[in-house]
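Chain residues, written in single-letter form:
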Amino acid sequence: PGANGIALSTKPFVVAPSSYVEYSATVRANVNGTSAGLVYAYNDSQNFMYAAIVPGTSGQVVLGHVSGGVWTTDYTSTRTVTANTDYTLLVAFDGKNVAAVLNGTSVGNFTYNILVNQGRVGLFTKGGAGSFDNLLLKGDDITFATTPQLLTAATVPVTPTNVTIDVNQISS
């Protein structure tokens, strides 16, 4: 996205309300002031929660939420966060509590008034570009012990396929 833009991508995620969940990824914000991180408890593009790194002179790890399209910071931890550097960001959900971990070190937690493991999960950047790798979701929901939910990328055709149609095949 541009300097003021937001890029957001989500996927369905369903667990029992009482489940403990850990959600992590390798996260990189390309320039100072860019937020890059994890989205959870996503209802729509105007209502979700997030954990992010924000590089800069006062680098930060942030927990926050978006409600009605308004971004609110709920918790901030000042850390050394450098632009264009990979960080492992993990959030642990336990009921209404969210704990944030950066590169294996706990940086803080926040308690919300809703179950934070409900809704879609995803990734976002705000105010600039970023990148993500090594996405991992794990927890204690019994469904995943018996039915793994693996996501696989579709195969892209190696050569383009040309299709010829005639005017009789086009419906109005």
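Predicted model, so just to flag it, every value in this text is computed and none were measured. (Residues numbered from 1 in each chain as written. Predicted model: local features only at pLDDT ≥ 70, side-chain atom pairs only at ≥ 80, totals over all residues. Heavy atoms only, no water.)

Asks: Explain the overall build of the protein residue by residue, including any values.
Replies: In terms of regular secondary structure, the protein is built from 1 helix and 11 strands. The linear arrangement of helices and strands in the protein, starting from the amino end, is β-β-β-β-β-β-β-β-β-β-β-α. Per-residue burial for the protein yields a buried fraction of 34% across its 172 residues. Partitioning the intrachain contacts of the protein with sequence separation of at least 6 by distance along the chain shows that 60% fall at a separation of at least 24. For the protein, the accessible area works out to roughly 9900 Å², and carbon and sulfur atoms hold 52% of it. (Helix = DSSP H or I, 4+ residues; strand = E, 2+ residues; numbered from the N terminus. Buried < 20%, exposed > 50% of the residue type's maximum accessible area, 1.4 Å probe, protein only. Contact = heavy atoms within 4.5 Å. Areas by Shrake-Rupley, 256 points an atom, 1.4 Å probe, with all protein chains shown as cover.)

Asks: An account of the sheet that holds strand β2 (residues 20-29) is requested, with residue identities and associated values reported.
Replies: With respect to topology, 5 strands assemble into an open sheet ordered β9-β8-β7-β2-β11, the strand pairing being antiparallel. Edge positions in the sheet fall to β9 (105-111) and β11 (130-139), since each of these pairs with one other strand and no more. Geometrically, the sheet is characterised by an average inter-axis angle of 20° between neighbouring strands, direction not taken into account. As judged from the 6 bridges shared by strand β7 (residues 87-94) and strand β8 (residues 97-102), these two strands associate in the antiparallel manner. Within the sheet, the bridge partner assigned to Phe-93 lies in β8 and is Val-98. (Pairing = 2+ DSSP bridges. Axes fitted to C-alpha atoms, helices over the stretch in contact; angles between N-to-C directions.)

Asks: Can you lay out the packing of aromatic side chains for me, pointing to particular residues and giving the numbers?
Replies: This model, assessed by the stated rule, comprises 7 aromatic pairs. Between Tyr-40 and Phe-93, the aromatic rings sit 4.7 Å apart at their centres with planes inclined by 40°, giving tilted as the arrangement. Residue Tyr-40 is found in strand β3 (residues 35-44), and its partner Phe-93 is found in strand β7; the two are separated by 53 residues along the sequence. Of the two residues, Tyr-40 and Phe-93, neither departs from the other in class, the shared state being buried. With a centroid separation of 4.8 Å and an interplanar angle of 65°, the aromatic rings of Phe-110 and Tyr-112 are classed as edge-to-face. By relative accessible area, Tyr-112 is classed as buried at 9%. By the ring-pair criterion, three or more aromatic residues cluster together here, those being Tyr-42, Phe-48, Tyr-50, Trp-71 and Phe-124. (Phe/Tyr/Trp six-rings, centres within 6.5 Å; stacked < 30°, edge-to-face > 60°.)

Asks: I'd like a rundown of the pairing of β2, residues and numbers included.
Replies: Taken across its 10 residues, β2 has 8 buried, putting it largely inside the fold. Two strands pair when backbone bridges link them, and β2 and β7 are joined in this way by 8 bridges, in the antiparallel orientation. Note that in β7 the partner of Val-21 across the bridge is Phe-93. Inspection of the sheet shows β2 paired to β11 by 8 bridges, in the antiparallel sense. Residue pairing for β11: Thr-26 is matched across the bridge by Asp-133.

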